[in-house]
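# Remarks on the overall topology
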Amino acid sequence: MNTQNTPVHVRLWHRDFWLLSMANLLLAMAVYILVPSMPIWLLETERYSQEEVGLSMGAFAAGLYLFGPFCSWLVQRFRRNRICIYSIVAMIGCISILYYVQGLNRYYVEYWVIVLQRVLFGATFGLAQMILSSTLIIDASESDKRTEANHSAAWFSRFALSLGPIVGLVMFYYKNFDAVLLSSVVCASSTIILILTINFPFRSPGETVHVFSLDRFFLPAGMPLFLNLLLISVTVGMLMSLGLSDRFYGMIMAGFLLALLAQRFVFREAELKSEIVTGLILLVAVILLVYTRPLPIVWYIAPLLLGLAIGIIGTRFLLFFIKLSRHCQRGTSQSMYFLGWESGIAIGVGVGYAFFLNDDKNLLLVALALTVVALLLYNYYTHNWFMNHKNR
C-alpha cells in the first residue's frame, strides 16, 4: 500500500531554518494583507467597476510568471540572498505606489496605474518567493532533510493565507487603508531583516548558465499536477472574494492546525490517494454548507473545514511535485507548486469580483462545479498519472 509518513527531525529546526521559515511567513503575509481590503478600497474609494477590480486583482497572477525564466540565471550570476532582498525591496516600492495613490484621493487615478502596480507586485513577489523557497531554504538544510524542510517551510507560508487577511481586515476597519499598506511594508521589511541575519556562503556559477531557463521556474513534466492544483486554488480564491470577516479567517487558521494533527495521526499510514480526495470532499461540503445553510454556526464550521481541506490538499500536492522531480529539480518543483497555488488564488479572487460581486449563490455554484471537476480529474487521472511518472 502506498502510504505517506513525513518524519520530523529536531536537527532540522536550527536557527537559520527558523529565521527562513518566519521570513517565508512574513513575505506571504505582505501579499495576503491586501487581498480582502484592496478590492473594497478600489470599489468604494476609487469607484472602479467590479470588472476593473477583478482584472486588477487577477493581474497579480500574470506578474508571478514575469521574472521566473530569469530566476536560475540571477541566483547563479549574483548572490542569491541579495537578489531575494532586492526583490523584496522592489515589492516595498510597489506598495509605496499604492500609498502615494491613496494620498491622491482628490484626484482620479488612472486605471492602468493600478493594473501595472499589481503586475509588478506579483512579479517581484514571485521572484522573491521562488528564490526563498527553491534556493535559500533548500541550501540551508542538510541534503537528507530537504523534503521535510520544504514541507515544514511551506506550512509557514500557508499560515499567511489566514493571518494576512486577519491583519488586513483589522487594520482596514479599525484604522484605514494606509494602515493596511504600512502593515504590508512592515512584514516585507521584517523579511529583509531576517534574511540579512543569515550567512549564505558564496557559490561560483555553473559552467553553462543561460539567461532564459525553466530551471528553478517551471517543470513541464508536472503539467497534470499543475492544472489539477490550479483548479483547486481558483476555487479557494473565489471563496476569498466573498467579503469574509476576520473571524472567518481565524477559523481557517484553526482548520490549519487541525490539518497538522490529521496528517500526523489520521493519514500517517493511510492510502496515498486519501488525503487529496478527503480534502476535496471537505471543500465540496464547505461550499454546500455556505450555499444551503446560511446560519451563524455555519460561519464557524465552514472555515474550519476549509482550513482543514486546504492544509491536507496543499501539503500532499507539494510532496507530489517533489517526488515527481528528478535530481537537481527540487527547486523547480517548489516554484511550480508555488505558481499553481498563488496564481490560482489570484485568478479566483479576480473572477469572483469581476463576475460574481454581490452574487454569492452563482459564485458558489461555479466553485462547486470546479471542485467536482478537480475531484474527478484527480481520482480518475492525475493520481494514476503521478504513480506512473514519479521519480522518488
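Residues numbered from 1 in each chain as written. Predicted model: local features only at pLDDT ≥ 70, side-chain atom pairs only at ≥ 80, totals over all residues. Heavy atoms only, no water.

### Regarding the environment of P69
Applicable threshold: Working definition: helices are DSSP H or I runs of at least four residues, strands are E runs of at least two. Numbering for both runs from the N terminus. Residue contacts are counted whenever heavy atoms from the two residues lie within 4.5 Å of one another.
Mapped onto the fold, P69 is located in the loop between helix 3 (50–64) and helix 4 (71–77). Taking the C-alpha atoms as reference points, P69 and F217, separated by 148 residues in sequence, lie 6.2 Å from one another. When residues no more than four places from it in sequence are discounted, the contact partners of P69 are V211, F212, S213 and F217.

### Re a nonpolar patch on the surface
Basically, it comes down to this: What makes a patch is a set of residues exposed beyond 30% relative accessible area and free of salt bridges, joined within 9 Å when like-charged and within 5 Å when nonpolar (Val, Leu, Ile, Met, Phe, Trp, Tyr). In this description, accessible areas are obtained by the Shrake-Rupley approach with a 1.4 Å probe, and a residue is regarded as covered only by the protein chains that are shown. Only one rule defines a salt bridge in this text: a Lys or Arg side-chain nitrogen within 4 Å of an Asp or Glu carboxyl oxygen.
A cluster of nonpolar side chains, namely L66, W112, L116 and L120, defines an oily patch on the protein surface of about 380 Å² accessible area. By the element assignment, L116 lies in helix 6 (residues 111–139).

### Description of empty space enclosed by the protein
This is how the line gets drawn: Method remark: on a 1 Å grid restricted to protein atoms, a set of points is classed as a cavity if a 1.4 Å probe fits but cannot get out and as a pocket if it is open with protein on both sides within 12 Å along at least five of seven lines; lining residues have an atom within 4 Å of a point. Grid points are joined across faces, edges and corners, and a volume is the space filled by probe spheres set on the points. As a working rule, the residues Ala, Val, Leu, Ile, Met, Phe, Trp, Tyr, Cys and Pro are called nonpolar, Asp, Glu, Lys and Arg charged, and the rest polar, with Gly in that last group.
Evaluated as defined, the whole model comprises 4 cavities of 30 Å³ or more. In this structure, the largest cavity spans a volume of roughly 250 Å³. Forming the walls of the largest cavity are 19 residues, and the residues nearest its centre are Q129, A154, S157, Y337 and F338. Among the elements of the structure, helix 1 (15–32), helix 6, helix 7 (146–174) and helix 13 (330–356) are those that each provide at least two residues to the lining of the largest cavity. Ranked by residues supplied to the lining of the largest cavity, first place goes to helix 7 with 6 residues. Residues that form the lining of the largest cavity fall into these classes: 11 nonpolar, 6 polar and 2 charged. When its volume is computed, the second largest cavity comes out at roughly 90 Å³. Lining the second largest cavity are V31, Y32, V35, M57, F60, R118, E342, I345, A346 and V349.

### Observations concerning helix 14 (residues 360–389)
Residues three or four positions apart in an α-helix share a direction because the helix packs 3.6 residues into each turn. Note the following rule: Bend, at a single residue, is the angle you get between axes fitted to the 7 residues ending at that residue and the 7 residues starting at it. Summary of the burial criterion: residues with accessible area below 20% of their type's maximum are buried, those above 50% are exposed, and those between are partly exposed, where the area comes from a 1.4 Å probe applied to protein chains only.
Maximum bend of helix 14: about 50°, positioned at Y378. Residues L363, L364, A367, L368, T371, A374, L375, Y378, T382, H383, W385 and F386 constitute the buried set of helix 14.

### Observations regarding the state of the cysteines
Note the threshold: Counting rule for disulfides: a pair of cysteine sulfur atoms within 2.5 Å.
As enumerated under the stated definition, the model contains 0 disulfides in all. No disulfide involves C71; its sulfur sits 9.5 Å from that of C84, the nearest cysteine. Free cysteine: C94, not disulfide-bonded; nearest cysteine sulfur from C84 at 15 Å. A residue is classified by how much of its surface remains accessible, and C94, at 5% relative accessible area, is buried.

### A look at unusual backbone geometry
In the Ramachandran plot, R216 falls in the positive-phi region, its phi being about 65° despite a non-glycine side chain. Assignment of secondary structure puts R216 in the loop between helix 8 (177–196) and helix 9 (223–240). Located in the positive-phi region is N358, a residue other than glycine, with phi close to 60°. Inspection of the secondary structure assignment puts N358 in the loop between helix 13 and helix 14. On the basis of relative accessibility, which here comes to 74%, the residue N358 falls in the exposed class.

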